[in-house]
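Residues per chain are reported as follows:
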Amino acid sequence: MARERAALSHPGARYVVQPAARVGGELTVPGDKSISHRALMLGGIAAGQTGITGFLPSEDCHATLAALRAMGVAIEQHSATQLTVHGAGARGLAAPGQVLDMGNSGTALRLFMGLLAAQPFDSTLIGDASLMRRPMERVALPLRAMGAAIETAQGTPPVQIGGGRKLTAIDYVLPVPSAQVKSAILLAGLAAEGVTCVTEPAPTRDHTERMLTGFGVQLQRQGATVGIAGGQRLTATRVEVPADISSAAFFLVAGALAAHEGLTLRNVGVNPTRTGILDILGLMGADIRMENRRESGGEPSADLIVRASQLRGIRIPGELVPLAIDEFPVLFIAAAAADGVTELTGAEELRVKETDRLAVMAEGLGRLGVRHELHADGIRIEGGRISGGTIDSHGDHRIAMAFAVASLRASGPLEILDVANVATSFPGFVPLARSAGLAISQD
Ligand code: S3P
């Protein structure tokens, strides 16, 4: 009865995860989400054909793909992960003739704001209930300063972009570290007159910069500032998308807790602006090795081998926060399983992700009896016992997957509600997690 009620009141499906004691094997997690979005967008405005391999066939990336198709970009899909984008060229996008729905994807919506700010046509961007609550003025403000006509609904979507504006370069200092805001400004800068400069308060993922370089665009970097001269054209290239370290993160923590004979994750992207999770787990005493390092299109990747070890609580260094920004849900599970106390501060950005990740994680940890203190900009977690129980992910993909990993230390079964959005970033999570040893099922 209780199960039926839960399933009915949460149409987004649920996981039931039984406690398990060991994980292992060799896995390849799906392609990097950030790089997949960018490959489609840059391919869409380049001259020529961009071949993409390792593409992430998730709902978020399909939203970007559908929006580009609605603007006249021909995209051939050879398989779920192999695509050819027939670039429309710098001035080739066509008026979409429909509202562009970005689903759950903040990256898609914010990067398109930059890309569409200088187009000759009007456009409107919307998303699902979560995205319709997320802040967009952080992008609209600098784009307006460049001359764009952008309106938000009191800061949130729908975002309306007026066409036919001439953009002028700006020098902009980001008030918060955000790769999405930086990328939107750089994309608008491509179509602006003059050299647009963006300065970051702390390093954030630099996939846009690396990929623009791959498409033949010249960038000027000086310390925390990156500059882009307007009017440059993109030339199509090949993009090999590595596996997403943000998806690998669930198995890195699972392995640190229970890979007694080791767990190997193949060809994971290890761009240094994304490897905060490796540094944080390293400080907690995790045993993670990197092998077979290689590089493609300016993006490094490697095999990661993790072995179980007893983790210890730490104070998470502030400079690692932006470099592990999407990995905190599962890092909180690592903290709950560690000896001692883990403290995170300076992470208020977690409150404006797909959910308020500080609040939703705190609620779930509380359900499992994990002692914690929630703060405005972080959390303090006491490692120790994890009980079984029911957790509501509130439709947040990374929170759903993080609690599945908690089953490796939980004393009873876990029921995780509202998990359908796992498909936004990690198609095939359940079968892959089962193959690694988690006792997870979805209904
Ligand atoms: C992303 C940047 C980050 C991250 C998001 C993907 C990107 O967001 O959380 O999942 O691809 O640029 P912010 O720029 O809001 O920090």
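If you're wondering where the values come from, they're calculated on a predicted model, not measured in any experiment.

What to know about the domain arrangement of the protein chain
- Each assigned domain of the protein chain is listed with its residue range as follows: domain 1 (2–30 + 242–442) and domain 2 (33–240).
- Placing the centre of domain 1 and that of domain 2 at their C-alpha centroids yields a distance of 28 Å.
- Tallying the contact residues gives 27 residues for domain 1 and 24 residues for domain 2.
- Of the roughly 2200 Å² buried between domain 1 and domain 2 on both sides combined, carbon and sulfur atoms contribute 46%.
- Seen at the junction of domain 1 and domain 2, the total is three salt bridges.
- Between arginine 134 and glutamate 354 there is a salt bridge, with the nearest N and O atoms lying 4.0 Å from each other.
- Viewed at the interface, domain 2 and domain 1 are joined by 14 residue pairs in polar contact (both at pLDDT 80 or more).

Re the site of the ligand
- Every residue near the ligand is listed here: Ser34, Arg38, Thr107, Arg110, Ser178, Ala179, Gln180, Arg205, Ile325, Asp326 and Lys353.
- One of the side-chain N or O atoms of arginine 38 is found 2.6 Å from an oxygen atom in the ligand.
- Serine 178 has a polar side-chain atom sitting 2.6 Å from an oxygen atom of the ligand.
- In isolation the ligand has 390 Å² of accessible area, and contact with the protein removes 94% of it.
- Going through the elements one at a time, helix H2 (33–45), helix H4 (106–116) and helix H6 (179–189) are the ones with two or more residues in the shell around the ligand.
- The residues that make up the shell around the ligand include at least three from each of domain 1 (2–30 + 242–442) and domain 2 (33–240).

Quick notes on the nonpolar core
- The biggest cluster of nonpolar side chains holds 87 residues, and the ones touching the most others in it are Tyr15, Phe251, Phe328, Phe332, Phe403 and Phe429.
- Ranked by residues supplied to this core, first place goes to helix H8 (residues 245–258) with 11 residues.
- Apart from the residues within four sequence positions on either side, tyrosine 15 is in contact with Ala400, Leu414, Glu415, Ile416, Val419, Val422, Phe429, Val430, Ile440, Ser441 and Gln442.
- Among the nonpolar cores identified, the runner-up in size contains 67 residues, and Met136, Met146, Phe215 and Ala236 belong to it.

Details of the side chain of glutamine 180
- The topology assignment puts glutamine 180 in helix H6.
- Residue classification places glutamine 180 among the buried residues on the basis of a relative accessible area of 15%.
- Among the polar contacts made by the side chain of glutamine 180, one reaches the side chain of threonine 107 at a distance of 2.7 Å.
- Only 2.4 Å separates the side chain of glutamine 180 from the side chain of arginine 110, close enough to count as a polar contact.
- Residue contacts for glutamine 180: discarding those within four places in its chain leaves Gly106, Thr107, Arg110 and Leu111.

Digging into helix H11 (residues 357–367)
- Of all the positions in H11, only Arg357, Leu358, Val360, Met361, Ala362, Gly364 and Leu365 are classed as buried.
- Buried residues along H11 sit against helix H10 (328–337), strand S19 (372–375), strand S20 (378–382), strand S21 (389–392) and helix H12 (397–405).
- Capping the start of H11, aspartate 356 holds a side-chain oxygen 3.2 Å from the backbone nitrogen of leucine 358, two or three residues further along.

Let's talk about the sheet that holds strand S3 (residues 49–53)
- Reading across from one edge, S4-S5-S3-S14 is the order of the four strands in this open sheet, with mixed pairing throughout. With one partner strand each, in any of the chains shown, strand S4 (74–77) and strand S14 (238–240) form the two edges of the open sheet. On average, adjacent strands in this sheet sit at an angle of 15° to one another, irrespective of strand direction.
- The sheet contact formed by S3 and strand S5 (residues 83–86) spans four bridges and is antiparallel. When the sheet's bridge partners are listed, isoleucine 52 is paired in S5 with leucine 83.

Each value, and the rule that gives it
- Residues numbered from 1 in each chain as written.
- Predicted model: local features only at pLDDT ≥ 70, side-chain atom pairs only at ≥ 80, totals over all residues.
- Heavy atoms only, no water.
- Domains from an automatic or database assignment.
- Contact = heavy atoms within 4.5 Å.
- Buried area = accessible area lost by both parts, 1.4 Å probe.
- Salt bridge = Lys/Arg side-chain N within 4 Å of Asp/Glu carboxyl O.
- Polar contact = N/O pair within 3.5 Å; in protein donor to acceptor, adjacent residues only side chain to side chain.
- Near = heavy atom within 4 Å.
- Areas by Shrake-Rupley, 256 points an atom, 1.4 Å probe, with all protein chains shown as cover.
- Helix = DSSP H or I, 4+ residues; strand = E, 2+ residues; numbered from the N terminus.
- Core = buried A, V, L, I, M, F, W, Y, C linked by side-chain atoms within 4.5 Å.
- Buried < 20%, exposed > 50% of the residue type's maximum accessible area, 1.4 Å probe, protein only.
- Pairing = 2+ DSSP bridges.
- Axes fitted to C-alpha atoms, helices over the stretch in contact; angles between N-to-C directions.

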